[in-house]
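The primary structure of each chain is shown beneath.
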Amino acid sequence: MKYIIKKIITLIIALLLISIITFVAFSVIPGDAALAKLGTSATPERLAELRHEMGLDEPVLVRYGQWLVNALHGDFGYSLQYTDSTVNKLIGMKLPYTLILSLLSFVMIIAASFPLGIFSAKKQGSAAGTVIKVTSQVGMSVPAFFLGMILTLVLGIGLKLFAVGLCPDIKTDFAGTVYYLIFPAIAIAIPKIAMTSRFLRNSILSEMNKNYVRTAYSKGNSDNEVLYKHVLKNALIPVITFLGIIIADIIAGSIIVEMVFNVPGLGRMIVTGITNRDYNVVQAGVVIVAAIVIIVNFLVDILYKVVDKRVQA
Amino acid sequence: MKKFKAIIAMALCLIFATALVACDGGTQNGGSGNNSSGNQSDSVVFGSTLGLESLDPHTVQQAGTRAILFNVFEGLLKQSSDGGVVEAVAKSYEISEDGTTYTFVLRDGVKFSDGSEVTAEDVKYSIERYAANHSGEGDAFSIFKEAKITGDNTVEIVFNASDNELLSAISLASIIPQSVGDSISTNPVGTGPYKYVSYAEGESLKLEVNENYWGDAPKIANVEFKFLDDPATAYQMLQAGTINVLPYLSADQVATLSDAAYAETGYMTYSFQMFLDSNYAPLSNAKVRQAICYAIDKDSINQITSNGKAGNIGANIPVTMEEYFSADAANTYTYDVEKAKALMAEAGYADGFSLKIAVPNVNTLYTNSAEIIVEELKAIGIDVSMELMETEKWYALYCDGLNDEYQAIILAWDNANLAPNAWTSIFTSTAANNFMHYSNAQYDETFAKAKAASGEEKVKLYNELQKIVAEDAGSAFLFTPADYVGLSTGLKGYTYYPATIWDMSTLYYE
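Residues numbered from 1 in each chain as written. Chains lettered and ligands numbered in written order. Predicted model: local features only at pLDDT ≥ 70, side-chain atom pairs only at ≥ 80, totals over all residues. Heavy atoms only, no water.

## Considering the overall build of chain A
Line of reasoning, step 1. A count of helices and strands for chain A gives twelve helices and zero strands.
Line of reasoning, step 2. The principal-axis extent of the C-alpha atoms belonging to chain A is close to 85 × 55 × 35 Å.
Line of reasoning, step 3. For chain A, buried positions account for 48% of its 313 residues.
Line of reasoning, step 4. Nonlocal contacts in chain A, meaning residues at least 24 apart in sequence, comprise 72% of its contacts between residues at least 6 apart.
Line of reasoning, step 5. Surface accessibility of chain A: about 14800 Å² in total, with carbon and sulfur atoms responsible for 70%.
Line of reasoning, step 6. Side-chain charges in chain A split into 27 positive and 18 negative, and the spacing between the mean points of these groups amounts to 16 Å. (Helix = DSSP H or I, 4+ residues; strand = E, 2+ residues; numbered from the N terminus. Buried < 20%, exposed > 50% of the residue type's maximum accessible area, 1.4 Å probe, protein only. Contact = heavy atoms within 4.5 Å. Areas by Shrake-Rupley, 256 points an atom, 1.4 Å probe, with all protein chains shown as cover. Lys, Arg positive; Asp, Glu negative; His and termini not counted. Charge placed at Lys NZ, Arg CZ, Asp CG, Glu CD.)

Next up, the structure:
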């Protein structure tokens, strides 16, 4: 219990810091929402008027205070760009896409990297092992957005497996949305699969050198029995921590990949928000993404404790 | 026990695999179904890299939003593709002798898309609401006095002063139903050829034919504007046929188009210039500015950036404003390095001076042009450098004015208002947005005269005005950029307007 309370306090402090950093970043970068909106039709009077309307003429501290009070009530205010919608509505529209996309890529990573990691550990030194090692090195080095463009070109334009850039509406065609999101999920997953399988392989190999393995062999266990009954249990513990980090990466990766595949998710909302200097939207988006990452890591910590009883609260 | 575990593992794998396959099978139809709906002969998907700020036509600030809402809303008048205005909700109009009162006779039987008839009250309400949102200094409607109903179907708009260029401004005041009022942004009802179906912020706006439209019915029944942030993705979508119209292609993109699409070529109504800060000592000398104009090879920039399809200009009015554009001014300077060097020497800058150009990181048109200019100006001894910057910083520069750090800026000047004064007023010494601090008494005087004149006289005076600013090299005037619009093969009828307008009503499939 104490552990959970401690974690919750860390969560709150982290979110506060993140919101402050975003706010400061927004007041340092040139331009603001009024300027972004008026573009070439800006005149000093119209700018001043619009800034007043948007509340941009208040001092930064006052603005942050107002934002914080409202945010604590669950109200992220109005979008400065889409003047008729609340940020809450925008997030409600976009969050499901990002969640499904992240979940899909996470499932792919687990489903592919575990067998691959175990296989390459078993075949270490053989030709197959080398092939996997080299492939995973390549997979790790290719950025997700580039993979996204290649996938669009080959699977979308070439093989016509999906309608390029047209993500179906989640409310009217849920299955279609999931199908469409498989492709950006692949783009996000491939580099992570390479990393995770490599990590698992190394973890298994380093466990293999330990004394208990020798004992297990001397008791007459076969290779597979040693691997699955003894080694894997221990080898998976660092991998769980690693997966916690990977989840943060998946969500960060989805921001770029959503742009490439034109997915109406949170990531694209944040990027557009930055272009429009729509800090209400960006602030809320960043805080939510951060909260997801922190909560997931929190769950990983708990899982870690369940798997490894030695970890103390 | 071991066997039991193995069985469970096996079962789980099977379930997972089946689920994946089922998922694929079930949705593949959905995916391809989407594909074909994009190619239906009665629907068009338009890819816009510019966002939609609001559906309220009276508060629009951005060109992209205005361009889209043109399909849903109309004013008493509307802009035509030749740069003038034509009657829309009004069937005729008269202007009083003193030029302050405009009397409009409403067209009979014009209905809003919800089926209700347009009344004089709606018109009065709309004009007043538009005026209230456009009362700022420098806005054409800042001299608005009142709107009066003078008969069943006549409305008078009265201004405090006369201004020959009000018709263009009146065409921007969309007519909306008084009964809808301020909820127009969530219930956009207009008299345009299309009517609103649905809108998802940052994603798409769906429209369908307005069966109550007074004019010719459009051939395309369903139009969807898709909002895209990444130009590279948008281009791929055009190639894949998932969008059918995509404006603002680059010359490179046009060259690599597949069979699925082709490009139309027109002009963007911009006057693309390198503005020079007259507050900077060397640039306050007209000879130096002229030297810069002689040193820049406009033709080669045009060839490299636009395959020669950009329009050659020599002054502030773009080629698309055919009536007022001065072709003579466009040929004031021909590329001549020796002459440029001589002028630099005459001005006392034979050894050059330092110059920093602000360049927005918008697209290759800006960056390529700037790179060529930098090399060409180095050739006449100017110690020139450029800084690629984010658009926000660049906006701020022309909003707050050029300063000690940046003495020049590459900028495509644009305007929704097609009145010639909207293009020329920034060069007057008293203009609030004269961000390059240009000042020329003769220009100011001629501008005042031109603004007040009408008819032939007005055209003549604006031509003279362009000659003055060209000869004085008020700015390094470069070109009117080419506007490449990508269209799906078979889709025809795209119409270019001088202002940024995306008219879907003229499109059809062949």
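And the narrative resumes.
## Description of the interface of chain B and chain A
Line of reasoning, step 1. With 46 residues of chain B in contact, the opposing surface of chain A contributes 52 residues.
Line of reasoning, step 2. At the boundary of chain B with chain A, total buried surface from both sides reaches about 4300 Å², with 55% on carbon and sulfur atoms.
Line of reasoning, step 3. Inspection of the chain B/chain A interface yields four salt bridges.
Line of reasoning, step 4. Note that A:Arg268 is salt-bridged to B:Asp229, the shortest N-O span being 2.5 Å.
Line of reasoning, step 5. Mapped onto the side of chain B that touches chain A, the elements with two or more residues apiece are helix H1 (2-37), strand S8 (194-200), strand S10 (222-227), helix H5 (231-240), helix H13 (391-400) and strand S17 (408-414) of chain B.
Line of reasoning, step 6. Of the residues forming the side of chain B that touches chain A, the biggest block, nine residues, is contributed by H1(B). (Buried area = accessible area lost by both parts, 1.4 Å probe. Salt bridge = Lys/Arg side-chain N within 4 Å of Asp/Glu carboxyl O.)

## Concerning the sheet that holds strand S16 (residues 383-389) of chain B
All names here are of chain B.
Line of reasoning, step 1. Read across the open sheet, the six strands follow the order S14-S18-S13-S17-S15-S16; overall the sheet is mixed. Unpaired on one side and paired on the other, strand S14 (311-312) and S16 mark the two borders of the sheet.
Line of reasoning, step 2. When S14 meets strand S18 (residues 476-480), the two strands line up antiparallel, connected through two bridges. Residue pairing for S18: Gly 311 is matched across the bridge by Thr 480.
Line of reasoning, step 3. Packing against the sheet, H13 makes contact with strand S15 (354-360), S16 and S17, and its axis sits at approximately 90° to S17. (Pairing = 2+ DSSP bridges. Axes fitted to C-alpha atoms, helices over the stretch in contact; angles between N-to-C directions.)

## What to know about the pattern of salt bridges
Line of reasoning, step 1. For the coordinates displayed, the defined rule picks out 24 salt bridges over all chains.
Line of reasoning, step 2. A salt bridge links B:Glu375 to B:Lys378; the shortest N-O distance between them is 3.9 Å. Of the two residues, B:Glu375 and B:Lys378 are both situated in helix H12 (residues 364-378); the distance of three residues between them amounts to about one turn of the helix.
Line of reasoning, step 3. Through salt bridges with shared partners, a single ionic network connects A:Lys94, A:Arg268, B:Glu203 and B:Asp229.

## Describing the sheet that holds strand S5 (residues 101-106) of chain B
All names here are of chain B.
Line of reasoning, step 1. Ordered by their spatial adjacency, four strands build an open sheet running S4-S5-S7-S6, and the pairing between neighbours is antiparallel. Every other strand in the sheet has two partners, leaving strand S4 (90-95) and strand S6 (144-151) as the edge strands with one partner each. Across the sheet, the axes of successive neighbouring strands diverge by a mean angle of 20°, strand direction being ignored.

## Considerations on the side chain of B:Thr191
All names here are of chain B.
Line of reasoning, step 1. Locating Thr 191 in the fold gives a position in the loop between helix H4 (166-171) and S8.
Line of reasoning, step 2. Of the residues examined, Thr 191 reaches a relative accessible area of 0% and is grouped as buried.
Line of reasoning, step 3. A polar side-chain atom of Thr 191 sits 3.0 Å from a polar atom in the side chain of Glu 74. (Polar contact = N/O pair within 3.5 Å; in protein donor to acceptor, adjacent residues only side chain to side chain.)

## Side note on the packing of helix H8 (residues 174-208) of chain A against helix H10 (residues 223-261) of chain A
The angle between the axes and the distance between the axes are what describe a pair of packed helices.
Residue and element names in this part refer to chain A.
Line of reasoning, step 1. At their nearest, the axes of H8 and H10 sit 8 Å apart, and the two run at 150° to each other. The angle between H8 and H10 places the two elements in the roughly antiparallel class. Crossing hand, H8 versus H10: right-handed.
Line of reasoning, step 2. Of the residues assigned to the contact of H8 with H10, the class counts are 23 nonpolar, five polar and three charged. (Parallel < 35°, antiparallel > 145°, perpendicular 65-115°, else oblique. Left-handed = near helix turned anticlockwise from the far one by under 90°. Nonpolar A, V, L, I, M, F, W, Y, C, P; charged D, E, K, R; others polar.)

## Let's talk about the confidence of the model for chain B
Residues and elements named next belong to chain B.
Line of reasoning, step 1. Across chain B, the average pLDDT comes to 87, with 92% of residues at 70 or higher.
Line of reasoning, step 2. Note on residues 1-39: pLDDT is under 50 here. Beyond four places in sequence and across chains, it has 23 contacts.
Line of reasoning, step 3. Here the predicted complex scores 0.79 on pTM and 0.73 on ipTM. (pLDDT = per-residue confidence, 0-100.)

## A few points about empty space enclosed by the protein
Gaps between atoms show up when a probe of the same size as a water molecule is rolled over them.
Residue and element names in this part refer to chain B.
Line of reasoning, step 1. In the structure shown here, the tally under the stated rule is six cavities of 30 Å³ or more.
Line of reasoning, step 2. As for the largest cavity, its lining consists of 15 residues, of which Asp 483, Tyr 497, Ala 499, Thr 500 and Ile 501 are closest to the centre.
Line of reasoning, step 3. A breakdown of the residues in the lining of the largest cavity according to their chemical character gives twelve nonpolar, two polar and one charged.
Line of reasoning, step 4. Estimated volume of the second largest cavity: approximately 80 Å³.
Line of reasoning, step 5. As for the second largest cavity, its lining consists of Cys 293, Ile 296, Lys 298, Gly 314, Tyr 333, Ser 475, Ala 476, Phe 477 and Leu 478.
Line of reasoning, step 6. The leading source of residues in the lining of the second largest cavity is S18, at three residues.
Line of reasoning, step 7. Taken together, the residues that form the lining of the second largest cavity break down as six nonpolar, two polar and one charged. (1 Å grid on protein atoms, 1.4 Å probe; cavity = no way out; pocket = protein on both sides within 12 Å on 5 of 7 lines; lining within 4 Å. Points joined across faces, edges and corners; volume = space filled by probe spheres on them.)

## Quick look at the environment of B:Thr320
Line of reasoning, step 1. Turning to its location among the elements, B:Thr320 is positioned in the loop between S14 and helix H10 (327-330).
Line of reasoning, step 2. Here B:Thr269 takes part through its side chain, which lies 3.1 Å from a polar atom of the side chain of B:Thr320.

## Observations concerning a nonpolar patch on the surface
Line of reasoning, step 1. Nonpolar side chains collect at one region of the surface, where A:Met1, A:Ile4, A:Ile5, A:Ile8, A:Ile9, A:Ile12, A:Ile13, A:Leu16, A:Leu17 and A:Ile21 lie side by side and expose about 950 Å² of accessible area between them.
Line of reasoning, step 2. As for its placement among the helices and strands, A:Ile13 is situated in helix H1 (residues 2-28). (Patch = residues over 30% accessible without salt bridge, like charges linked within 9 Å, V, L, I, M, F, W, Y side chains within 5 Å.)

## Here's the deal with the nonpolar core
Line of reasoning, step 1. B:Leu76, B:Phe225, B:Met274, B:Ile292, B:Leu377, B:Ile409 and B:Phe435 are the most contacted members of the largest nonpolar core, which totals 187 residues.
Line of reasoning, step 2. Ranked by residue count, the leading element in this core is helix H12 (residues 279-307) of chain A, at twelve residues.
Line of reasoning, step 3. Ignoring sequence-local partners within four residues, the contact set of B:Ile409 consists of B:Gln273, B:Met274, B:Phe275, B:Ile357, B:Ala358, B:Trp394, B:Leu397, B:Tyr398, B:Leu402 and B:Phe435.
Line of reasoning, step 4. Grouped together as the second largest cluster of nonpolar side chains are 30 residues, A:Leu104, A:Ile170, A:Leu181 and A:Ile188 included. (Core = buried A, V, L, I, M, F, W, Y, C linked by side-chain atoms within 4.5 Å.)

## Re helix H5 (residues 87-122) of chain A
Line of reasoning, step 1. Across its 36 residues, H5(A) extends 51 Å between first and last C-alpha, which sits within 8% of the 52 Å expected from 1.5 Å per residue.
Line of reasoning, step 2. Of all the bends in H5(A), the greatest, near 35°, is centred on A:Lys94, and the proline A:Pro96 appears no more than four residues after it. (Expected span 1.5 Å × (residues − 1). Bend = angle between axes of the 7 residues up to and from the residue.)

## Thoughts on H5(B)
All names here are of chain B.
Line of reasoning, step 1. Among the ten residues that make up H5, eight are buried, leaving the element largely enclosed by the rest of the structure.
Line of reasoning, step 2. For H5, every residue scored as buried is listed here: Thr 233, Ala 234, Tyr 235, Gln 236, Met 237, Leu 238, Gln 239 and Ala 240.
Line of reasoning, step 3. Positive phi shows up at Gly 241, right after H5, with a value of about 80°.

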